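Single-letter residue listing:
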Amino acid sequence: MANGVSATPTLSVRQATKQFGGSLALCDVDLDLWPGEAHALVGENGAGKSTLIKLITGVHQPDGGEVLHHGEVVHFPTPRDAQLHGIQTIYQEVHLAPQLSIARNVFLGREPTRFGSLDLKRMNREAAALLGRYGIVADVRRPLGGLSLGVQQMIAVVRAVSTDASVVIMDEPTSSLEPREVDKLLEVVGLLKQQGVAVVYVSHKLEEVFRACDKITVLRDGRLVWTGAVTDTTRRQLISRMLGRDPGELGNGKITHLGRAPVERGEVPVLAAQHLTRRFVLDDISLLLHPGEVVGLAGLLGSGRSETAKAIFGALALDSGTVEFCGKRFPRSTPASRLHSGVAMLPEDRKVEGIIPELSIRDNIGLAALPMLSRRGFVSRRKQAEIVDTFITRLHIKATGPEQKVAELSGGNQQKVLLARMLCLSPKVLLLDEPTRGIDVGAKAEVQALIADLAAKGLGVVLISSELEEIVEGSDTVLVLRDGTALGTLFGDEIDESAIMTMIAGAAEHDTAELIA
Amino acid sequence: MTSTAAHTVGRSATHGWEDITSWVRQRGVYIALALVILYNVIFTAHFNQWDTVQLLFAQMPPVLIVSMGMALVIGTGGIDLSVGATMAIASAVLAKFVAPASSHGLGSPIALAIAMALLAGLAVGVFNGTVVAVGRVQPIVATLSLLVAGRGVALVITGGALVELFDPFLKVVRQGQVFGIADVMIVAAAIAVVVSVLVRRTTLGYRLVAIGGNRRAAVLAGVPVRSTLITVYAISGVFAAVAGLIATARLRASDPSYIGLLMELSAITAVVVGGTPLKGGQVRVLGTVAGAVLMQLLQTTLLAHNIPNSVSEMVEALIIVAAVYIQRPSRSAA
Amino acid sequence: MKIRRTAATVTVASMTLLFSCGSSKTTSTASTSANPATTAAGTAGTAAGTATTTSAATAATSAGTAAAAGGDIPSAIKAAGGTSKIAGAPAAGIEAQYGPICKGADLGIGKIDFTKDTIGWAQSEKEANPFRIASTKSQVDEAKKRNIKLLTTNAQSDAQQENTDIKGMIDKGAKAIIFSPINSTGLGDAIAYAKSKHVAMIPVDRNITGVKGCADVGPQLGSDFVLQGRRAADAMIKATGGTAKLAILLGASGVNVTDDRTAGFKAELKDKNASGIQIVFEQTADFTREKGKSVTETLLQAHPDVTAIYAENDEMGLGALAALDDKGMSGIAKVHIVSIDGTKGAVQAIVDGNFDAVIESNPAYGPTAFAALDAYVNGDGAPAVTITTDNQYDKSNAQQALDSGTAY
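A quick note: this is a predicted structure, and the numbers were derived from the prediction, not measured. (Residues numbered from 1 in each chain as written. Chains lettered and ligands numbered in written order. Predicted model: local features only at pLDDT ≥ 70, side-chain atom pairs only at ≥ 80, totals over all residues. Heavy atoms only, no water.)

A. Seen up close, the interface of chain B and chain A. At the interface, 22 residues of chain B touch 34 residues of chain A. Buried area between chain B and chain A, both sides added, is near 2,200 Å², and the carbon and sulfur share of it is 60%. Taken as a group, Arg 201, Tyr 206 and Leu 220 of chain B account for 30% of the area that chain B buries against chain A, more than any other trio of residues on that side. Joining chain B to chain A, the criterion identifies 1 salt bridge. As a salt-bridge pair, Glu 353 of chain A and Arg 216 of chain B come within 2.3 Å of each other at their nearest N and O atoms. Inspection of the region where chain B meets chain A yields 8 residue pairs in polar contact (both at pLDDT 80 or more). Mapped onto the side of chain B that touches chain A, the elements with two or more residues apiece are helix 10 (183-201), helix 11 (203-213) and helix 12 (215-220) of chain B. Across the side of chain B that touches chain A, the residue classes tally to 10 nonpolar, 7 polar and 5 charged. (Contact = heavy atoms within 4.5 Å. Buried area = accessible area lost by both parts, 1.4 Å probe. Salt bridge = Lys/Arg side-chain N within 4 Å of Asp/Glu carboxyl O. Polar contact = N/O pair within 3.5 Å; in protein donor to acceptor, adjacent residues only side chain to side chain. Helix = DSSP H or I, 4+ residues; strand = E, 2+ residues; numbered from the N terminus. Nonpolar A, V, L, I, M, F, W, Y, C, P; charged D, E, K, R; others polar.)

See the structure below:
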């Protein structure tokens, strides 16, 4: 079967569509997985990668479209059904039993038996043979938990393929691996291809994509942007597709900065972050922010853009580096003290780090401002109502009333609630991490206008976005990041998508060259 | 999940029914309580008397008070398994201070003894809160340690045996009444009111449910998570101490082996039956009170009808499951 | 449960719970009452001595296959290795004795010089209640009286700990171990170790069951809980004149001592045709004072006309008394109370006119145990199972029991 020519793909997805509570997570997406091919799935957060995978693996059911297995329409009501069709998934975290032996883990759920009882000898022998085939040398009787994460990951892969898998899906498999382990894993991908397995490789690390994969599919905002052979695209083109602009369009006329006057930078920046460093995350990042200025942080997922914001906000411990506010260092490094000083942050992941879903709009908005709204620990209902009503009106939050649970709101309105939570503190610096992700077009325009308005009123804004367009249009200054390092800063008229992408891609190209050499 | 359109249609068609089920869902505990009372009124001899209420008022306060602290802790997404042991510690400290030298006590004035007992409860609570908030140990594990060790501490304090206490103030606690209502019940009611105000009107109340609802989000919204958690566990510890003192006064003795035994389970049951979700993010004070009354009344009812122990345990379990099932979050919200 | 031992090759066959409080719902419930009794200290030694002499003849009928293993030997006794009733009137303080006669020499146990050798005492549960306190005190006092060097341990309700404790004392040179087993089973490890080291083992209080008489452990001492229940019933009939609306406060559920004391009580009411005593209420109060009180409060609410309470231990009885007192119903003129254990608090309640009678379950087996040990290793042997007599208190002897310290 290896390298054999097949007329039909192992697995196909046709016009898959999936909605979650009114928002479209996936729209008309096609995907063909051929035997012996590694197919990369790339895109920024919220692009629909994980939704697509969940449709293939039976975690979710599509609202529209279909899944074909060897050309026949199939339904996977549960993940188990997908597994029975030879579709195996390997996640970022190893989903195995660390206290059981390696052999037990490899054969978990399908242990060889002899006269009805576990045939340990056979199991150990077969497990050792299997691992050997993938170049893994380990005592299979030892507990899995004693191995490094990389080897555990590899064993998860072996376990998956030993079940006669025809499709193996790897979801960010290298995110916790060391470089040497990554090499090993990519070797295994090669072996899988030789055996005629169709591999889906989800990663935001483009080097790996270019090294290991044959085809690439780019998703953005739940839609298929591009699909084709690795050889048919350049790194730069890929980045631009992910970040939201067709390469052809690039450089065709610059977009105005939302009609704002150029920012006048005073003597003292409102925020000065110097040499922010945290091992493996941030490497000597510096950033100056003046009143009325919008500094955009551009870069791919994993470039350190969110981490920079969190470090400034005191939510990420640093190995070294300082953050000064109006020329003074913060007394303590906690979000609470930053908020108290006037630095507010809108977190990247609204659901995980932002909203408190079961609480009302009122309680969500008022949460950060509690010290202002209370005397001797007692909250003034009147003050709270005033502020909450003001912001519901000002930000056009659509809800049945301030008592409505935030969980029941649309994404855009949830985001506005979080903005209101920050704005009612009257901050001087706003750190906005993906302020418009996953919200509808109308709300998006409102939020973008609000940002411009706030900056015009003298707030310093740090803006992070996966959409390059948003960064380019909204920023006075852009800091370009990659792998936790600053590649450069663009000011005013220098800012355009082409320049940013060139910087990111240039660095990537450079890295790959080093790797090959 | 169905599409939005289909969902909307489905909802309007069954509008009335959904209203009824959601009404029931939110009030499961009150409905169950009403049913148990109704059953008693009809079938239980000597139930329709003021004496019945008096008895309830005499027996309820410890579990009610402990449940109030437990509700706050559960609101933060935690749990306090040490409350029963804390009751025993408070009881033992009281006995140690107030008992005369002939019973190996210190013979201190009752006021000092009570203060020390409350302080012991506070210390236990602060310890729990610190382990949970600063040590980032799972609450169930953190408080389990004192569930196991706390009673041992209590036994060491009293020297092991039951100590009978004859202080006149304890008799006041046991038998005192204000306008015909047991004074311990008034204390319990006052605590319930305080907790209710705390939850609805104070920064502490707002913050603790935020932590329970989404701890990461709370941190990023500037909520002082550590001090909030420590305070909440400390409150639970002090409430448990108060309950321990009342139980001691009721028994006329400090019995560290048994005071508050399995109280953690009764309190958790009251909270959960009262509609507070175990995952935190919500505190239902009145529901918890109703839950505690329901469980107590249920036990009394089964006892009064002389139902064998094994059967009563099953009936109680059944009621718990039913009450929690009725109040489960609706699927549409999830 | 078969217990395979590594320390020695002996296998103690399946052991079940015999007379005693046995495994309990909570670690300490079982300790609330129980066990073997002897008469007051002084007479006990002679009592055991006499018993040994009386039974010498029976011993000749050879161990194990006693012909008299007919219907009159309770199964609990058989489980503990007693296969034949020893004829003749037992000595004072002893209810009954069952053969075969155990001799230490048969297990290769040498004579013990009480003036030089060390003896070990292994307590099972923490001394947190009168019964356990008195139980340990009795051993320590007796050792002191005989001037014996005694090692003591407490397993804090952990069977594994008790195994370790016993083996530890043997390693420290104890020539004999008197022990209160946590459970009738589960000490196989320690027993095997003792056997391999030829150390005498004397179980008191709860007995080791599922043993062949004398083969694994030495003479055992215990109480008869069924009999305690019967005697409580007799006392109740006497106190109420045979007419009462009676409530029973049961011990912890699923515990042998509860079942035995209930069964004995009811059987005796039936045997004595006490149909005037009507049982209107029967609920567990877990052997604790707190539950005794709250259950009684509910009882009084539902059955205000109750006239008598049988509490299966003193603590529940005292809880009931507290509940009655709160309602102004204390005193035997209003509600009769009979309980089992014989603790000071309950005996005092007799003096105060609140309890009618208390059946003792005497923990003071120190004197009997040392006497049995002496006979076992140095004398003619001791019976496999000895059931000791419990005292009984009522108005006539309560004050005296408090004064003399018999009530523990």
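B. The interface of chain B and chain C, seen in detail. With 34 residues of chain B in contact, the opposing surface of chain C contributes 32 residues. Approximately 2,600 Å² of surface area, both sides summed, lies buried where chain B meets chain C, with 49% of it carried by carbon and sulfur atoms. Linking chain B with chain C are 6 salt bridges, by the criterion used here. Linking Glu 164 of chain B and Arg 289 of chain C is a salt bridge whose minimum nitrogen-to-oxygen distance equals 2.7 Å. Viewed at the interface, chain C and chain B are joined by 17 residue pairs in polar contact (both at pLDDT 80 or more). Breaking the side of chain B that touches chain C down by element, the ones donating at least two residues are helix 4 (50-59), helix 9 (168-175), helix 13 (225-251), helix 15 (285-304) and helix 16 (309-326) of chain B. Residue composition of the side of chain B that touches chain C, grouped by class: 15 nonpolar, 12 polar and 7 charged.

C. Layout of helix 9 (residues 314-326) of chain C. Residue and element names in this part refer to chain C. With 13 residues, helix 9 extends 18 Å between its outermost C-alpha atoms, agreeing within 8% with the 18 Å of an ideal straight helix rising 1.5 Å per residue. Most of helix 9 sits inside the fold, with 11 of its 13 residues counted as buried. Those residues of helix 9 lying buried are Asp 314, Glu 315, Met 316, Gly 317, Leu 318, Gly 319, Ala 320, Leu 321, Ala 322, Ala 323 and Leu 324. Of the surrounding secondary structure, the elements contacted by the buried residues of helix 9 are strand 8 (244-250), helix 8 (289-302), strand 10 (308-311), strand 11 (336-341), helix 10 (344-351) and strand 12 (357-360). (Expected span 1.5 Å × (residues − 1). Buried < 20%, exposed > 50% of the residue type's maximum accessible area, 1.4 Å probe, protein only.)

Structural measurements only, silent on function.
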